[in-house]
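Listed here are the chains, written in short residue letters.
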Protein chains: 2
Amino acid sequence: MAKAIFYHAGCPVCVSAEHDIVGLIGESKVEVVHLGEAKDRISEAEKAGIKSVPALVLENGNVLHINFGASIEEVKA
Amino acid sequence: MAKAIFYHAGCPVCVSAEHDIVGLIGESKVEVVHLGEAKDRISEAEKAGIKSVPALVLENGNVLHINFGASIEEVKA
């Protein structure tokens, strides 16, 4: 994995955090995945250890859950 | 405020998140405040909108609560 991945679900909390995170670490260093639109990537997010969105998975595999937009269970629905 | 401030309380979740955040945005761009040691800064953190630590306050005033180490009430104790 070459860079961090920011998973979100399009909620207001997610969009605000996305702007902040992309601004902090730079657009070229983070892939943004909208789990509401890319439901085939939900299992990948779960395997990475994501419990809620928005969340950032780092290159070292650490997961940073940022604020609270929605649980991963809500995203599946 | 010239840069972001990362507030934590020395707990394992905080220390892990601190390493990740400092690594992401660079040591020169973030001030790290240990609220367990700097209890005089708890009120400043509360005014910024911090509900739990670890948390990152950005230059624009946005608060990113990262994972969950302890509530701000627990830090006061």
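See above for the structure.
Note that this is a predicted model, so its numbers are computed, not measured. (Residues numbered from 1 in each chain as written. Chains lettered and ligands numbered in written order. Predicted model: local features only at pLDDT ≥ 70, side-chain atom pairs only at ≥ 80, totals over all residues. Heavy atoms only, no water.)

Peer 1: Go over helix 1 (residues 12–25) of chain A, please, and point to the residues and values.
Peer 2: Given a rise of 1.5 Å per residue, 14 residues ought to cover 20 Å, and the 20 Å separating the end C-alpha atoms of helix 1 of chain A matches this to within 8%. Among the residues making up helix 1 of chain A, those that are buried are Cys14(A), Ala17(A), Glu18(A), Asp20(A), Ile21(A), Val22(A) and Ile25(A). Where helix 1 of chain A is buried, its residues meet strand 1 (4–8), strand 2 (30–34), strand 3 (52–57) and strand 4 (63–71) of chain A together with helix 1 (12–25) and strand 4 (63–71) of chain B. Trailing helix 1 of chain A by a residue or two, Gly26(A) shows a phi angle of about 95°, which is positive. (Helix = DSSP H or I, 4+ residues; strand = E, 2+ residues; numbered from the N terminus. Expected span 1.5 Å × (residues − 1). Buried < 20%, exposed > 50% of the residue type's maximum accessible area, 1.4 Å probe, protein only. Contact = heavy atoms within 4.5 Å.)

Peer 1: Describe the relation of the copies chain A and chain B, with residues and values.
Peer 2: With an RMSD of 0.0 Å, the fit of chain A onto chain B corresponds to turning through 180° and sliding 0.0 Å along the axis. Between the two chains, the operation in question is that of a two-fold axis. Across chain A, the smallest distance between a C-alpha and the rotation axis is recorded for Ile66(A), namely 2.3 Å. A share of 100% of interface residues in chain A that are also interface residues in chain B marks the association as one of identical surfaces. (Least-squares fit on C-alpha atoms with pLDDT ≥ 70 in both.)

Peer 1: Quick rundown of the pairing of strand 2 (residues 30–34) of chain B? Include the residues and the values.
Peer 2: In summary, the side chains of a regular strand alternate between the two faces of the sheet. Residue and element names in this part refer to chain B. The pairing of strand 1 (residues 4–8) with strand 2 spans five bridges and is parallel. Among the inter-strand pairings, His8 is bridged to a residue of strand 2, identified as His34. Handedness of the crossover joining strand 1 and strand 2 through helix 1 is recorded here as right-handed. (Pairing = 2+ DSSP bridges. Right-handed = clockwise from strand over helix to strand, strands pointing away.)

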